[in-house]
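Residues per chain, in single letters:
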Amino acid sequence: MRRSDLGEFEEIVLLSVAALAPTAYSVLIAEELEMETGKSVSTGAVHAALQRLEQKGYLTSYLGEATAERGGRRKRLFSVTALGGRVLSDVRSVRNRLWERIAPPLRLEWS
């Protein structure tokens, strides 16, 4: 996998979909990202990232049932594909290998 295939924001959106499945939809994903990062996240940015991830084959989506809370509108629900799971696994492996190469004393000096 080329690292340019998955941007940082796309990575955390993809991770959020995996964590929230099977109920992952844009508003819930944005709320999850805000809670985890402490930063404001627009649903528009999440929508754009979801669309890119689906085009890359990392996600799949379908329309859920209509709900009264949404005035009878249906939510587009997302799930991670096998390819998306492999990409997440590859990214995690790269990050873990790099973290393991940092000497423990150095980590203590970062304050």
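Structure: see above.
Residues numbered from 1 in each chain as written. Predicted model: local features only at pLDDT ≥ 70, side-chain atom pairs only at ≥ 80, totals over all residues. Heavy atoms only, no water.

A side chain of one charge can pair with a side chain of the opposite charge when the charged atoms of the two come close. According to the stated counting rule, one finds three salt bridges in the structure shown. Between Lys 56 and Glu 10 there is a salt bridge, with the nearest N and O atoms lying 2.9 Å from each other. Separated by 46 residues along the polypeptide, Lys 56 in the loop between helix H3 (43–55) and strand E1 (59–66) and Glu 10 in helix H1 (residues 8–20) bring together distant segments of the chain. Judged by relative accessible area, Lys 56 falls into the partly exposed class, the value being 33%. Residue Glu 10 is classed as buried on the basis of its relative accessible area of 5%. Ionic pairing is found between Arg 95 and Glu 11, a salt bridge with its closest N-O pair at 2.8 Å. Placement of Arg 95 in helix H4 (residues 82–100) and of Glu 11 in helix H1 is noted, with a sequence separation of 84 residues between them. Because the salt bridges share partners, they merge into one network encompassing Glu 10, Arg 52 and Lys 56. (Salt bridge = Lys/Arg side-chain N within 4 Å of Asp/Glu carboxyl O. Helix = DSSP H or I, 4+ residues; strand = E, 2+ residues; numbered from the N terminus. Buried < 20%, exposed > 50% of the residue type's maximum accessible area, 1.4 Å probe, protein only.)

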